[in-house]
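Geometric and topological summary
The primary structure of each chain is shown beneath.
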Amino acid sequence: MNYMTINNRRVAFTNEKNVLSVIRKSGIDLPTFCYHSELSTYGACRMCVVEDERGKVFASCSETPRDGMKIYTNTPKLQHHRKMILELLLASHCRECTTCAKNGVCVLQRLSRQLGVREIRFENNKKELPLDMTSECIVRDPNKCILCGDCVRTCDEIQGLGILDFSFRGSKMQVTPAFNKNLAQTDCVGCGQCRAVCPTGAITLNSNVHSVWAALSGKNTRVVAQIAPAVRVAVGDKFGIRKGENTLGRLVAALRRIGFDEIYDTNFGADLTVMEESKELTERLESGTKLPLFTSCCPAWVTFCEKKYPEFKENISSCRSPQGMFGALIKEEARMNDGEDNRKTIVVSIMPCTAKKAEIKRPDYFTEGAQDVDYVLTTTEVTRMIQEAGIDLAQVQPETMDMPFGIASGAGAIFGVTGGVTEAVLRRLIDSNKAEDLEAISFTGVRGVDGIKEASVKLKDREVKLAVVNGLQCASKVLDKMKAGEVYYDFVEVMACKRGCIAGGGQPVPIGARTKKARLEGIYKIDHMSQIKLSNQNPIVMTVYDGILKGKEHKLLHHNKAE
Ligand code: HC1
Ligand code: SF4
């Protein structure tokens, strides 16, 4: 054990990677714009500066802790330094804070308030730059960028895509896609992870809030919501509800109050996905073709594979994602019922994910030429709508989902974390709900936060090799090794966002390590508390297969490439 002195207090440390981590561990929340523990250290914003006993000032994120070190975190010199940085940032920053999508969660705004910046002595003489609104998923506003590089490193180091980078020099410096293209002209997969780390309003969601309010006020509309697995453990964040708590019942109640006509659970859609994907895996294992089977529920991953590794396109499961399957099912029912009461059904998916906004526009997610899911609202957008309606989620009495699609299994719930799809499929194929079998599956290695997890499971007489992948950079590693013949798998699950949908690009920010942990535990708790653990034991699943889905499984639940 080593010790350093922080503000005259002795603090122990072991293997913290930098002085900043030791300071934070000691309970002092030193401000930063450009430091994220899962990214490389950039050291550009200089907000985390500290002073040593000789008056030397240095960035604590870029300094290795040493035994005997003596530092101060809040001297007059440091206060002046940080204020000056903020003033300079604000001087070249758009000041439309009240109308900004990040108002209230902007780090620049928060630190300016916290550190007492009350005036800006410098003129903003920067030319106003155009917004990039070409992506279905995110909007870039270069006028609000503070050049911290968080988005650049996230897209490069976590997603391996490098869509964003610094361009131009000096005071003209900007973060843009290469050759100043717009996002739609790049290989951006819409994962929104750049938005999740952006401290200001420079990268925000492409919002559908206005369209959904319009749909809700339509006279002859029936607005049906489906709620994704990971939303329920995050939507409480902005209402002072404990992180990771399952807030589904409260969300259902709030959605009813703001005018949704029917509210269902995407976890039920996930149960349908388990049924179809297990069948597909069994068929491919028997025929020995198109192995490994790649999961298809994460749209950022599917787009990535199609764009970057087209030679593996056939490996992607033909299953639509749970939101796609469920959207098609709701619209199929609407086709039969809408005529009766002369209403038009509009399906709104409430998702943690920005890429889902693009998924619903894919032609292979249309049924007979018609779009199944009309709008995707991220958790952040639905939070905004609830706030706009003046509802305090913490004060609302929980209500239950509507029937007939309001029952889902624990297997559907765990889709919200990486490894969940694999675990759910294994439950279906092993087809046992004995506690020891369920536990054995959870211990195969599919759980956990490592970038690449490998497991091997005996199904019938065959040893089936699995890989569970977190983040697209790790996906590239796996695909490159597969191409080189260095590894073999039968089933590969990829989630573009590290830890899965709980950390999706549309979730409420900030999404720090503690938040991720709480959400992850929240998802597993939902499974733990579910009476039904296996998708094939969900009675409603069996009813729909015998009813509305009969003979239409392919049309409604799989990608329809002909369309
Ligand atoms: Fe997900 Fe999925 S789990 S992709 O992470 O398969 O978004 O939550 O809805 O479709 O069910 C997201 C979450 C979500 C789908 C499901
Ligand atoms: Fe990169 Fe994802 Fe942001 Fe696109 S949405 S720029 S792929 S991090």
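Residues numbered from 1 in each chain as written. Chains lettered and ligands numbered in written order. Predicted model: local features only at pLDDT ≥ 70, side-chain atom pairs only at ≥ 80, totals over all residues.

Some points on unusual backbone geometry
As a reminder of what qualifies: Numbering goes from the N terminus for both helices and strands, where a helix is a DSSP run of H or I of at least four residues and a strand is a run of E of at least two.
Cis geometry is found at the peptide bond from Met-403 to Pro-404, where omega equals 20°. By the secondary structure assignment, Pro-404 is in the loop between α12 (379–388) and α13 (410–413). Following Val-509, the chain continues to Pro-510 via a peptide bond in cis, the omega torsion being 0°. Tracing the backbone through its elements, the reader meets Pro-510 in the loop between β19 (491–495) and α17 (513–529). Positive phi, close to 50°, is recorded for Glu-368, a residue that is not glycine. Within the secondary structure, Glu-368 is located in the loop between β14 (366–367) and β15 (370–371).

Quick notes on the sheet that holds strand β17 (residues 452–459)
Formally: Two strands qualify as a pair provided DSSP detects at least 2 bridges between them. Any pair of residues counts as being in contact when their C-beta atoms, constructed from backbone geometry, are within 7 Å of one another. Between N-to-C directions, angles span 0 to 180 degrees; the directions come from axes that are lines fitted to C-alpha atoms, helices contributing only their stretch in contact.
The strand order β12-β19-β18-β17 describes an open sheet built from 4 strands, whose pairing is mixed. This sheet does not close on itself; its edge strands, each paired only once, are β12 (293–294) and β17. Bridging between strand β18 (residues 462–470) and β19 involves 5 bridges; their strand directions are parallel. In the sheet register, Leu-466 faces β19, and the bridge partner there is Phe-491. Against the sheet, helix α14 (residues 420–430) engages β17, β18 and β19, with an angle of about 145° to β19.

What about the site of ligand 1?
We apply this condition: Each residue gets a C-beta atom placed from its backbone. If that atom is within 6 Å of a molecule or strand, the residue is near it. Here the term charged refers only to Asp, Glu, Lys and Arg, the term nonpolar to Ala, Val, Leu, Ile, Met, Phe, Trp, Tyr, Cys and Pro, and the term polar to all other amino acids, Gly among them.
Ligand 1 sits among 20 residues. The nearest are Ala-228, Ala-230, Cys-297, Cys-353 and Cys-501. Among the elements of the structure, α8 (266–287) and α10 (322–341) are those that each provide at least two residues to the shell around ligand 1. Residue classes in the shell around ligand 1 are distributed as 12 nonpolar, 7 polar and 1 charged.

Section: α12
Our working definition: With C-beta atoms placed from the backbone, a residue is buried if 20 or more other C-beta atoms are within 10 Å of its own, exposed if 12 or fewer are, and partly exposed between those counts.
Looking only at α12, the buried set comprises Thr-379, Thr-380, Glu-381, Val-382, Thr-383 and Ile-386. Buried residues along α12 sit against β9 (203–205), α6 (209–217), α7 (248–257), β13 (344–351) and β16 (375–378). In the stretch just after α12, Gly-390 is the one whose phi turns positive, near 75°.

Looking at the domain arrangement of the protein
To keep it simple, the criterion reads: Each domain's extent is set by a domain assignment, obtained either automatically or from a database.
One can read the domain layout of the protein as domain 1 (2–74), domain 2 (87–205) and domain 3 (210–557). For domain 2 and domain 3, the distance between their C-alpha centres works out to 30 Å. Each partner contributes to the interface: domain 2 provides 18 residues, whereas domain 3 provides 25 residues. For the side of domain 2 that touches domain 3, the secondary-structure elements that each account for two or more residues are α4 (150–158) and α5 (193–197). The residue inventory of the side of domain 2 that touches domain 3, partitioned by class, reads 9 nonpolar, 5 polar and 4 charged.

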